[in-house]
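For reference, the chains in residue letters:
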Amino acid sequence: MKGCRILAAMVLFVLIFSMTAAADSINTTVDVNEGIVLNGDIHLEVLDVGTNWGSYAKLKFYSYKDAGGKTESIYMGDVPTTYTSGTFMKIEVTLDSISYDTAFLMIESTTSLKISDRYGFEGEDETEKEKQKPITVPKLGITRTFDTNRAEQGQTIRTTLTIRNTGNGTATNIVLDEDTITGAYKDGCPSTIDDIAAGETKRISYDLRIVDAQPGTYELSPAILNYESESGATYSSESSSSILEILPEEVRIPELEISIDSVKGIITCGDEFPVTVTITNVGNATTGKVHVKSDLPADVRVVDGDLEPEYESIKPGDSEEYDVSLRAYEQGKHTIEMQVMWGDSEAAASFEFWAEKSGLEQYYLYILAAIPILLLLLWVIKRRREYSY
Amino acid sequence: MLNILILGLGQCGNRILDAINREAFGSGGTFAKYYSRQKFPASVKTIAINTAVNDLKELKNTLAKDRFHVPHLHGVGANRNIGKQVFEENKEMILEEIDKRGSFDLIFVITSTAGGSGSSFAPLLVGELKRTYNAPIICIAVLPFRAEGSIFLQNTAFCLRELVATKSSGILLVDNQYLKKYSGEDIKSAYDKINTTTARRILFLIEALNSEMLMVTDLGDLKTVMSGGIGVGTMGFYEASKGSTIKSTILGSFKPSGLLFPANVYKDGARAMLIIKGDKKYLDLDLVTKTVEELSKEVGQVFKGVLVKKGRPKVLSLFTLNAVPELEKLYTVAAEAIRFEMEKREKSKKQLDNAFAHIEDLEPIY
Ligand SMILES: Nc1nc2c(ncn2[C@@H]2O[C@H](COP(=O)(O)OP(=O)(O)OP(=O)(O)O)[C@@H](O)[C@H]2O)c(=O)[nH]1
Ligand SMILES: [Mg+2]
């Protein structure tokens, strides 16, 4: 910026120097709220004078064909301020000095200059004038938010600092001073923050990694911002303190449950019947390879399906379910034992059912036993008849 | 295999036949007939013939189809004359029934000589069978208890005479009176015992005749024995006790105590047949031969058969007699009884006539 100014000044100096030969120059006093008309073309009004970082005068230029003109504060000792009218009349203005409400100006131009008119105008009122005064005081407010106030060991809390400059000056040399919990580490949190212009809001987010913080409830001390105004005044502001709760780290393990069931509790010997095996991961981690083992009674056969499948992994909350058709041949109570194995762990389930002989089969033995008795009876009856006279 | 027909006539004959049928079931008891099978030592057909339906119904081990009722309702009441008449009226039917059983190698006719039906049927039937069949016919005649009354004695006397007259192959006597010793207390058990004993001896004889024997006796021998003497004989039996020799066993079968009719075999014996059954280890054949030879000198012709079967030796003797003193006694008693009966009847008649004489010239007045 300074380099630029020097360059511009040098260029202007060369320009001015080269044009002094044909140039005209006037010194004049213009009061605040007073304007002058140069060569009937350019209006130059003094809006204000004052001292701030040196004496200045706030000037307004406009012309016939440039009604908008421009307003500019010029400082004592600065390079001349140039204005070119709509009809390409060019002037250069330098502030010589100011008094209470008067600016001493030196106006130069390539053409001859003449103050064709002088007029007063209604200035802005005092309060307005005061407001307009450039007060360059930055005022930073800071709030701290977390995506969560409760975190487990090993988890990360996303922390957001919202910094708002409610002042009218830019805050510079902003330094963030924020303590954290022992055993927690900030990841991506800057210690210095870029300048924040007046009205600007800046958000800084970073991860607070809870590595080995002891579980408990912590009061996090306020985040403190130390900053300066452009004028070098130092300020400080702080957020409110925050409460963070650190939970003990939850152990992450897969946990499988197996269940076996059938719609039928009583089946008929020799008939196919379906059983459903369900394996659910009720843990909070994904398993490795999962094996299923079964222990069937000697007379029970798998007719259809695989009773002992394998799974590469089962995610927490997920279930694997499969159906198998079985057949039991003998009468009585049966128990199917199922086992699911993963890692070093295993879970088991059992299923009980009754097998009954089908109607005829059920009485098969009795019928079989009854036949010889019947035959004997018939034989006895026959004999009796043979011998009864 | 011999085909044998056994006919049981009258109540007595029926019961002995039933005992034969029961014995054929073996030692199975009362219910054997419901599950067991009769094991006759030959092909045996039995028919129980009676005029009394109740007597036939009383039988237990004889098939219903083997019980033949000659229609005269409830017996002939010991009246042989009625019995003969009934037989003549029904003989075609009876013979037809017998004919259904096929042909026979030997026929037994069992009857009491004392009753009405059996005693009257037997001689007539034997005559008919002789005409129809070529087989030898042996009569088993059961003599009554002497105290049973004059009619039974009279029937016996006539029946026996008629049976001898038929010239059957022979008559084997079974004497209830003589076998009374079996009756412990009542007559029923005496009958049962006599019937069973008789049945067993008949089956023993059949078994011997039908078997391949070590020393052979056959139907021809039997015929020869039965035609000896007066054609009347009886059977003896002896079972060896422990340690007894085969000789003493054989001689035992000749003892009066084992006979079914009282006789002195050594004195009156005409011909005899001995059937020895038992384990080979007891059967000293030389001794058997020697014993039989000795017996022959006293008894006359003695046929012998040896049957090798498990168990201690048992000997059945069967013989005919030259003289039957016991029968003579019986006939004397019978004759006395008949005479007494006649006199009594005449006396009664006279008495009745005298009584009637009182009203001879009178008429009833009303
Ligand atoms: N050994 C023996 N003798 C019997 C038996 N039943 C009857 N008697 C005898 O037989 C004689 C009577 O003859 P039954 O056979 O009853 O007479 P029946 O031939 O039936 O003739 P009716 O009855 O007159 O028509 C008597 O001497 C009885 O002692 C018996 O079961 N065994
Ligand atoms: Mg009778």
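Residues numbered from 1 in each chain as written. Chains lettered and ligands numbered in written order. Predicted model: local features only at pLDDT ≥ 70, side-chain atom pairs only at ≥ 80, totals over all residues. Heavy atoms only, no water.

Residue and element names in this part refer to chain A. The sheet contact formed by strand β21 (residues 256-261) and strand β23 (residues 272-281) spans six bridges and is antiparallel. Following the sheet pairing, I260 is matched in β23 by V277. Note that β23 and strand β27 (residues 319-328) share nine bridges and pair antiparallel. Its bridge partner lying in β27, V275 is registered against V324. (Pairing = 2+ DSSP bridges. Helix = DSSP H or I, 4+ residues; strand = E, 2+ residues; numbered from the N terminus.)

Residue and element names in this part refer to chain A. Spatially, β15-β13-β18-β19 is the arrangement adopted by the four strands of the open sheet, whose pairing is antiparallel. Every interior strand has two partners, whereas the edge strands, β15 (192-193) and β19 (234-238), have only one. As defined by bridge partners, strand β13 (residues 172-177) adjoins strand β18 (residues 224-228) across four bridges and the pair is classed as antiparallel. Following the sheet pairing, D177 is matched in β18 by I224.

Here we come to the environment of Y83(A). Residue and element names in this part refer to chain A. By the element assignment, Y83 lies in strand β6 (residues 81-84). For Y83, a relative accessible area of 3% corresponds to the buried category. Along the sequence, Y83 and S109 sit 26 residues apart, while their C-alpha atoms lie 9.9 Å from each other. For Y83, the residues in contact, after removing those within four places along its chain, are I42, F61, Y62, S63, D66, G69, K70, M89, K90 and I91. Side-chain polar atoms of Y83 contact the side chain of D66, separated by 2.4 Å. (Buried < 20%, exposed > 50% of the residue type's maximum accessible area, 1.4 Å probe, protein only. Contact = heavy atoms within 4.5 Å. Polar contact = N/O pair within 3.5 Å; in protein donor to acceptor, adjacent residues only side chain to side chain.)

Quick look at the site of ligand 1 now. All names here are of chain B. What surrounds ligand 1 is a group of 25 residues, the closest being A78, S117, E148, N176 and Y191. In the environment of ligand 1, an oxygen atom lies 2.6 Å from a nitrogen or oxygen atom belonging to the side chain of S117. Contact between ligand 1 and N176: a nitrogen atom at 2.8 Å from a side-chain N or O atom of the residue. Look at ligand 1: alone it shows 640 Å² of surface, and the protein chains cover 93% of it. Sorting the residues of the shell around ligand 1 by element identifies α1 (10-24), α5 (117-132) and α7 (187-210) as the ones contributing at least two each. Looking at the shell around ligand 1, its residues break down into 10 nonpolar, 12 polar and three charged. (Near = heavy atom within 4 Å. Areas by Shrake-Rupley, 256 points an atom, 1.4 Å probe, with all protein chains shown as cover. Nonpolar A, V, L, I, M, F, W, Y, C, P; charged D, E, K, R; others polar.)

Residue and element names in this part refer to chain B. It is the contact of helix α4 (residues 80-99) with α5, at a shortest axis distance of 9 Å, that shows an interaxial angle of 40°. Here α4 is positioned oblique relative to α5, judged by the angle of their axes. When you trace α4 past α5, the crossing you get is right-handed. Between α4, through R80, G83, K84, V86, F87, E88, K91, I94, L95 and I98, and α5, the contact on the second element is made entirely by S119, S120, F121, P123, L124, L125, E128 and L129. (Axes fitted to C-alpha atoms, helices over the stretch in contact; angles between N-to-C directions. Parallel < 35°, antiparallel > 145°, perpendicular 65-115°, else oblique. Left-handed = near helix turned anticlockwise from the far one by under 90°.)

Here we take up the side chain of S325(A). Residue and element names in this part refer to chain A. Among the structural elements, S325 can be located in strand β27. By relative accessible area, which is 15% here, S325 ends up buried. Within polar-contact distance, the side chain of S325 engages the side chain of E272 at 3.5 Å. Once residues within four sequence positions are removed from consideration, S325 is found in contact with E272, F273, P274, R301, V302, V303 and D304.

We now examine the state of the cysteines. Within this structure, the stated rule accounts for zero disulfides over all chains. C159(B) takes part in no disulfide bond, and the closest cysteine sulfur to it belongs to C139(B), at a distance of 8.4 Å. (Disulfide = S-S within 2.5 Å.)

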